[in-house]
Amino acid sequence: MSAEIRPVLAGHKALVVGIANDRSIAYGCAKAFRAVGAEVAITWLNEKARSHVEPLATELGAEITAPLDVSIPGQLEALFELIQARWGKLDILVHSIAFAPKDDLRGGLLSCSAEGFAKAMDVSCHSFIRMARLAAPLMSDGGTMFAMSYYGAQRVVPNYNVMGPVKAALEAACRYLAFELGTAGIRVHAISPGPLSTRAASGLKDFDLMLNAAARKAPLGEVVDIMDVGFTCAYLASGFARRLTGDTVYVDGGVNVIA
Ligand SMILES: NC(=O)c1ccc[n+]([C@@H]2O[C@H](COP(=O)([O-])OP(=O)(O)OC[C@H]3O[C@@H](n4cnc5c(N)ncnc54)[C@H](O)[C@@H]3O)[C@@H](O)[C@H]2O)c1
């Protein structure tokens with residue numbers, strides 16, 4: 001397949017946040033961007049994560065690497081200062097992170113604590129708004145921003161619990177940011193992948209059942225992989241998609257159209 005791929009994003013600079021390991025959706029995005037010619041900046045959550053992420057950043061030829069925990073004041077600002085100093089611009093931003101405290105995630109929405117809700121919303125949604133605020137001035141030639149959502153934002157998916165309302169807020173944030181940034185030539189999309197076996201997914205109760213249900217329901221007959229998500233983002237970041245913004249784009253083999 002790679003022999004047919006053209007470098008449609010050559011010269012583009014992409015910040016990809018959310019690689020934990022080689023199963024992360026963010027890794028699929030970074031790999032797809034590299035395949036079509038873009039340069040990438042990669043972050044890791046903390047020192048523990050660094051040993052897993054750094055080899056992947058090397059493999060991807062990442063020009064910029066840095067720690068980023070969006071809960072630590074100042075780290076996001078430091079990252080964007082580094083990007084400004086090294087690249088002086090940014091074309092693509094991928095926000096592929098989510099978190100909710102285990103007890104708040106595993107219980108139903110009714111029993112979610114105020115603190116757990118606020119934490120989930122801050123890391124999984126408001127941090128995207130903070131990133132967009134810092135990224136926009138660097139996207140002087142226009143750009144594209146992505147945030148990872150899930151079907152549980154739109155319809156009730158058992159066991160998705162607090163992440164349902166959080167992802168609904170994230171999708172709405174994408175629409176409002178698309179509106180506010182559109183005249184600057186910056187496009188914003190929520191991407192809604194079907195279930196994928198990642199570390200974040202393992203925090204959901206009965207995730208295997210979600211995966212099996214998706215495989216059964218998908219008109220295309222199979223579940224998606226991280227490269228499907230990556231190449232969808234690569235397409236949306238390219239000039240081929242220059243009139244598209246604000247949508248929630250499903251990468252789920254068609255599961256969302258089935259009752
Ligand atoms: N796996 C799925 O089935 C699926 C489906 C749809 C959407 N998503 C979404 O895709 C995104 C990526 O998840 P994934 O499935 O690739 O799992 P993953 O575990 O590989 O990635 C989650 C990432 O979030 C990061 N993160 C958590 N807290 C953070 C913080 N405070 N600061 C910075 N980073 C932090 C982790 O370090 C990790 O890299 C998430 O938003 C998730 O909700 C996942």
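Residues numbered from 1 in each chain as written. Predicted model: local features only at pLDDT ≥ 70, side-chain atom pairs only at ≥ 80, totals over all residues. Heavy atoms only, no water.

Draft legend 1. Representation of the site of the ligand within the structure. Around the ligand, 28 residues are found, and the nearest of them are Ser24, Ser149, Lys167, Leu196 and Thr198. Contact distances for the ligand include 3.2 Å between an oxygen atom and a backbone N or O atom of Ile97. Separating an oxygen atom of the ligand from a backbone N or O atom of Ala200 is a distance of 2.9 Å. Look at the ligand: alone it shows 820 Å² of surface, and the protein chains cover 92% of it. The class makeup of the residues in the shell around the ligand is 18 nonpolar, 7 polar and 3 charged. (Near = heavy atom within 4 Å. Polar contact = N/O pair within 3.5 Å; in protein donor to acceptor, adjacent residues only side chain to side chain. Areas by Shrake-Rupley, 256 points an atom, 1.4 Å probe, with all protein chains shown as cover. Nonpolar A, V, L, I, M, F, W, Y, C, P; charged D, E, K, R; others polar.)

Draft legend 2. Region of the structure containing the sheet that holds strand E1 (residues 13-17). Pairing within the open sheet is parallel, and its 7 strands lie in the order E3-E2-E1-E4-E5-E6-E7. The strands lining the two open edges of the sheet, one partner per strand, are strand E3 (64-67) and strand E7 (248-251). For this sheet the average axis-to-axis angle between neighbouring strands, irrespective of direction, equals 20 degrees. Where E1 and strand E4 (residues 92-95) come together, 4 bridges link them in parallel fashion. In the strand pairing of E4, Val16 is matched with Val94. Packed onto the sheet, helix H3 (residues 75-86) meets E1, strand E2 (39-44) and E3 and runs at close to 165 degrees relative to E3. (Pairing = 2+ DSSP bridges. Helix = DSSP H or I, 4+ residues; strand = E, 2+ residues; numbered from the N terminus. Axes fitted to C-alpha atoms, helices over the stretch in contact; angles between N-to-C directions. Contact = heavy atoms within 4.5 Å.)

Draft legend 3. Quick peek at the nonpolar core. Core analysis: the biggest nonpolar cluster contains 50 residues, and Leu15, Phe80, Ile83, Leu90, Phe128, Met131 and Met145 have the highest contact counts within it. Residue assignment for this core shows that the elements contributing at least two residues are E1, E3, H3, helix H5 (114-135), strand E5 (143-148), helix H6 (163-181), strand E6 (186-193) and helix H7 (207-217). Per-element tally for this core: the top contributor is H6, with 8 residues. Residue contacts for Met145: discarding those within four places in its chain leaves Leu93, Phe128, Ala132, Ala135, Ala136, Met139, Leu181, Ile186, Arg187, Val188 and His189. By size, the runner-up hydrophobic cluster in this structure holds 37 residues, among which are Val40, Val53, Ala62 and Val251. (Core = buried A, V, L, I, M, F, W, Y, C linked by side-chain atoms within 4.5 Å. Buried < 20%, exposed > 50% of the residue type's maximum accessible area, 1.4 Å probe, protein only.)

Draft legend 4. Region of the structure containing the packing of aromatic side chains. Taken as a whole and judged by the stated rule, the model has 2 aromatic pairs. On the numbers, 6.2 Å between centres and 70 degrees between planes, the contact of Tyr151 with Tyr250 is edge-to-face. With a gap of 99 residues between them, Tyr151 in the loop between E5 and H6 and Tyr250 in strand E7 connect regions that are remote in the sequence. Classification of Tyr250 as partly exposed rests on a relative accessible area of 27%. (Phe/Tyr/Trp six-rings, centres within 6.5 Å; stacked < 30°, edge-to-face > 60°.)

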